[in-house]
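# An overview of the molecular structure
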Amino acid sequence: MSKLRVLILILVLVLAACGGGDEEEDNGDDSGGGSASTTTIRVEANNIESVFQRVLAPRTANPILTRVTDVHVEEGNIRIDGTYRDADGNIVEGGFDQSFSVVDGEIISELTNLEIGDIAADDERISNLNNTLVRTLRTYLPESEVPIEVVSISFTSEGLAIEIVE
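A brief report on the enclosed structure follows. Starting from 1, residues in each chain are numbered consecutively following that chain's sequence as written. Local features in this predicted model are restricted to residues of pLDDT 70 or higher, and side-chain atom pairs are both shown and tallied only at a pLDDT of 80 or more, whereas totals for entire chains, interfaces and linings draw on every residue. Values shown for side chains rest on all heavy atoms present in the structure; no hydrogens or waters enter the calculation.

To continue, consider the overall build of the protein chain. Only DSSP runs of H or I reaching four residues or more are called helices, and only runs of E reaching two or more are called strands; each is numbered from the N terminus. On a plain count of helices and strands, the protein chain comes out with three helices and eight strands. Secondary structure of the protein chain in N-to-C order comes out as α-β-β-α-β-β-β-β-α-β-β. To sort residues, take the accessible area from a 1.4 Å probe on protein chains only and compare it with the maximum for the residue type: under 20% means buried, over 50% means exposed, and anything in between is partly exposed. Scored against the burial criterion, the 166 residues of the protein chain give a buried share of 34%. Should any heavy atoms of two residues lie within 4.5 Å, those residues are counted as being in contact. Long-range contacts, defined here as pairs at least 24 residues apart, represent 42% of the contacts in the protein chain between residues at least 6 apart.

Among the buried residues, those of types Ala, Val, Leu, Ile, Met, Phe, Trp, Tyr and Cys that are joined through side-chain atoms within 4.5 Å form a nonpolar core. Counting 35 residues, the largest nonpolar core has Phe-52, Leu-65, Ile-78, Ile-80, Phe-96 and Phe-100 as its most contacted members. Ignoring any residue separated from it by four or fewer positions in sequence, one finds Ile-78 in contact with Ile-48, Phe-52, Val-71, His-72, Val-73, Phe-96, Asp-97, Gln-98, Phe-100 and Phe-155.

A few words now on the environment of Arg-67. Within the secondary structure layout, Arg-67 lies in strand 3 (residues 67-74). Linking Arg-67 and Thr-83, residues 16 residues apart in sequence, is a C-alpha distance of 5.3 Å. Leave out the neighbours within four places in its chain, and Arg-67 touches Asp-81, Gly-82 and Thr-83.

To continue, consider the sheet that holds strand 5 (residues 91-103). Strand pairing is assigned whenever DSSP detects at least two bridges linking the two strands. Here four strands make up an open sheet; going across it, the order is 3-4-5-6 and the pairing antiparallel. Because the sheet does not close on itself, it has two edges, and the strands there are strand 3 and strand 6 (106-115). Recorded for the sheet is a direction-independent mean angle of 25 degrees between the axes of neighbouring strands. In this analysis, axes come from line fits to C-alpha atoms, helices being fitted only over the stretch in contact, and the angle between any two N-to-C directions falls in the range 0 to 180 degrees. Set on the sheet, helix 2 (residues 45-55) makes contact with strand 3, strand 4 (77-85) and strand 5; between it and strand 3 the angle comes to about 145 degrees. Each of strand 5 and strand 6 is contacted by helix 3 (residues 124-138), which is oriented at about 140 degrees to strand 6, the strand it contacts most.

A separate point is the pairing of strand 7 (residues 149-156). Within a regular strand, side chains alternate between the sheet's two faces. Pairing between strand 7 and strand 8 (residues 159-165): seven bridges, direction antiparallel. Note on strand 8: the bridge partner recorded for Val-150 is Ile-164. Where strand 7 hands over to strand 8, the hairpin turn is made up of two residues, counted between the paired strands.

It is worth spelling out the environment of Val-146 at this point. Considering the arrangement of structural elements, one finds Val-146 in the loop between helix 3 and strand 7. Look at Val-146 and you get partly exposed, because its relative accessible area is 44%. Expressed as a C-alpha distance, the spacing of Val-146 and Ala-36, which sit 110 residues apart in the sequence, is 9.8 Å.

This is how it looks when you write it as structure tokens:
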């Protein structure tokens, strides 16, 4: 009996590690006359927060934030607050908003309301962050032999919804 309990515990942990809590919902939309199907991928807010904690973890000598203190999923965007070192070496609070949109079936990431010292919107670190976030969000999309088009992406207090057409 003890081995069975251990096996069940391991199974539960494996399922949780594989993204339990995220869901995929098929809307069965075949409105194009072909075999296209609309699906909504949902990612819970706590998983989004984990993504930002990982992506923003300081790995370089000059990170955007030295520490993330809060990731808040809001209607329409995500607010990231933390600390950074200013030009004088002082630890200062700052943050930014992150928004996402879809252009020509592709996810676009944009950092807005930048409140981090002397970092400008055209800083290479901002571009790298946006590219990393898009790659990370695409990992939530299902693998498919046919091209996947992202139709929309939206944030609510519950998390993220990515609508795709296969």
